[in-house]
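# Descriptive analysis of the structure
Given next are the chains, with one letter for each unit.
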Amino acid sequence: MKISIIGTGYVGLVSGACFADVGNMVLCLDVDERKIEMLNAGRIPIFEPGLDALVTRNMGAGRIIFTASYDEAVAHADVIFLSVGTPADEDGRADLTHILSAARSIGQRMQRPTILVNKSTIPVGTADRVKSVIAKELGVRGVCIDFSVVSNPEFQKEGAAIQDFMRPDRIIVGSDNPEATRIMRHLYAPFSRNHEKLVEMDVRSAELTKYGANAMLATRISFMNELANLAETLGADIEQVRRGIGSDPRIGPDFLYAGMGYGGSCFPKDVRALLKTSADHGLNLRILKAIEAVNASQKNILFKKITQFFNGIDQLAGKTIAIWGLSFKPDTDDVREAPSLALISQLFAANCRVQAYDPVASNEAKHVLVGEHGEARCQELLRMVNSAAAAVEGADVLAIATEWKEFRSPDFSFLAGTLRHRAIFDGRNMYDPEFVASFGLAYHSIGRPVPVGQQ
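Now for a quick tour of the structure. Since the model is a prediction, treat every value here as computed from it, not as a measurement.

Attention now goes to the pattern of salt bridges. A complete count under the given rule lists 25 salt bridges for this structure. Between Asp78 and Arg112 there is a salt bridge, and its shortest N-O distance comes to 3.5 Å. Linking Asp78 in the loop between helix 4 (70-76) and strand 4 (79-82) with Arg112 in the loop between helix 5 (97-107) and strand 5 (114-118), this pair joins segments that are 34 residues apart in sequence. A salt bridge links Asp176 to Lys131; the nearest nitrogen and oxygen atoms lie 3.5 Å apart.

Now for the environment of Lys319. By secondary structure assignment, the location of Lys319 is in the loop between helix 13 (301-309) and strand 9 (320-324). As for Lys319 and Gly394, which are separated by 75 residues in sequence, their C-alpha atoms are 10.0 Å apart. Contacts of Lys319, omitting those with residues within four sequence positions, involve Phe310, Cys352, Arg353, Asp396 and His421.

As summarised here, the arrangement of the six strands in space is 11-10-9-12-13-14, forming an open sheet in which the pairing is parallel. Strands with a single pairing partner mark the edges of an open sheet, and in this sheet they are strand 11 (382-384) and strand 14 (442-444). Strand-to-strand twist in this sheet, taken as the mean axis angle between neighbours without regard to direction, amounts to 20°. Pairing of strand 9 with strand 12 (residues 397-400) involves four bridges; the strand directions are parallel. When the bridges of strand 12 are listed, Ile323 appears paired with Ala399. Helix 13 rests against strand 9, strand 12, strand 13 (423-426) and strand 14 of the sheet, and its axis sits at about 160° to strand 13. Running at roughly 175° to strand 9, helix 14 (residues 339-349) makes contact with strand 9, strand 10 (353-357), strand 11 and strand 12 of the sheet.

Before going further, it helps to examine the nonpolar core. Among the nonpolar cores identified, the biggest contains 41 residues, and Ile306, Ile321, Ile323, Leu343, Leu347, Val354 and Ala399 are the most heavily contacted of them. For this core, the leading source of residues is helix 14, giving five residues. Ignoring anything within four residues of it in the chain, the contact list for Leu343 reads Met260, Leu302, Phe303, Ile306, Ile323 and Ala399. Counting residues in each nonpolar core, the second largest holds 37 residues, with Cys28, Ile64, Ile171 and Ile183 among its members.

What follows deals with the packing of aromatic side chains. Using the criterion set out here, one finds 18 aromatic pairs in the structure. Geometrically, the ring pair formed by Phe19 and Phe165 is edge-to-face, given 5.1 Å between the ring centres and 85° between the ring planes. On the criterion of sequence distance, the pair formed by Phe19 in helix 1 (residues 10-21) and Phe165 in helix 7 (residues 161-166) is long-range, its members being 146 residues apart. The class of Phe19 is buried, set by a relative accessible area of 0%. In this structure an aromatic cluster arises from ring pairing among Phe19, Phe81, Phe165, Tyr188 and Phe191. Of note, Arg170 hangs over the ring of Phe155, and the distance from its end group to the ring centre comes to 3.8 Å.

It is worth spelling out helix 11 (residues 267-280) at this point. The first and last C-alpha atoms of helix 11 sit 20 Å apart over 14 residues, in line with the 20 Å expected at 1.5 Å per residue. Listed as buried for helix 11 are Phe267, Pro268, Lys269, Asp270, Val271, Ala273, Leu274, Leu275 and Ser278. Against the buried residues of helix 11 lie helix 9 (203-234) and helix 12 (286-298). Looking one or two residues beyond helix 11, the residue adopting positive phi is Gly282, at roughly 80°.

Cut-off values and rules
- Residues numbered from 1 in each chain as written.
- Predicted model: local features only at pLDDT ≥ 70, side-chain atom pairs only at ≥ 80, totals over all residues.
- Heavy atoms only, no water.
- Salt bridge = Lys/Arg side-chain N within 4 Å of Asp/Glu carboxyl O.
- Helix = DSSP H or I, 4+ residues; strand = E, 2+ residues; numbered from the N terminus.
- Contact = heavy atoms within 4.5 Å.
- Pairing = 2+ DSSP bridges.
- Axes fitted to C-alpha atoms, helices over the stretch in contact; angles between N-to-C directions.
- Core = buried A, V, L, I, M, F, W, Y, C linked by side-chain atoms within 4.5 Å.
- Buried < 20%, exposed > 50% of the residue type's maximum accessible area, 1.4 Å probe, protein only.
- Phe/Tyr/Trp six-rings, centres within 6.5 Å; stacked < 30°, edge-to-face > 60°.
- Lys NZ or Arg CZ within 6 Å of the ring centre and 35° of its normal.
- Expected span 1.5 Å × (residues − 1).

Dropping the structure here:
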């Protein structure tokens, strides 16, 4: 089948490469000509494990091509996927500028019956707006062409996006056109060979399903962070509590890890957008408000622990804090709303120096921090290094903000001999407290008692 993908971000590029890998002819469009030049030169503008090899293989086979031309994209496709960004605007609403602009461009060029698929995360009712925009452009041209707008939200985790696409646990298709549904079922058949994974529903329900799923996952994270703070106060261990809770099959073990709060491109934006949608319709979603408030507070947790360790914020000036991990989660270079950046901003405000290391996200993080704090401030207080060991050289304490695999088994003897104040602040509960303490290191984690002798 001939497919065009509008947008070559995480969702669009992964979707296009995976569709191409099962034999479809895919054309990916992006209005950013620099990005298209990179892709045509074989360079991937984002970090996603396995994506470079997947794209290279399908480019070599002639199954995926890249363009900045809407004329080419619309002429090529029987099915067009809209995978453009929907960032939050100033009041929390999803900004639909890009998706409606794409719809307008398609309506101006459409020559034959086409299925448009909303793959972006969009508020309920967006499909109707896309349909209206296209119909208006067809009317201006004085032509009548059949088209359908389908909602097919993505459920791809950054860092595991290819696996999630190739082996989905569900494929949501919202459609009011039986023929469009039939074609979508055919398109996704290679990804649901073991058992039926496609779930049909109406368009508005599909649009709400994506927001509801992300809000539910954010709820679990914020709930566990609240419980972790209580556990720490009561002398309980949230890791033991997590295992006990997660063993209940009605709950399950996923997304029950306490930490520094959630970040990324999805959960923060989608919770706010859902809150705004509910407010626009006169509803007060109190649980969602609490989720967001808890998450904002949890991003302060490691800074509070560091401040307490040094007996007050006035004692922090001039200290050097090593930070391991900058991306909002492992296996991605995405630092959008990452807890690490909140911690660094607080350390800057206290006039601390920061030595940070991340396997892939250092450049992205530095770009964001320079934008927020200025080049001069970052030159004064921030040093990005090329290894975990380099980050702790000359540092007073270590803070862990992302649970990358390479941080799982560090040389604790080296850390004890290198960190001036011999202390680790673990925002991801990566280590056994008693084991770390056996090396003479003070160990402060989330929702767990401080080891005996360190109180």
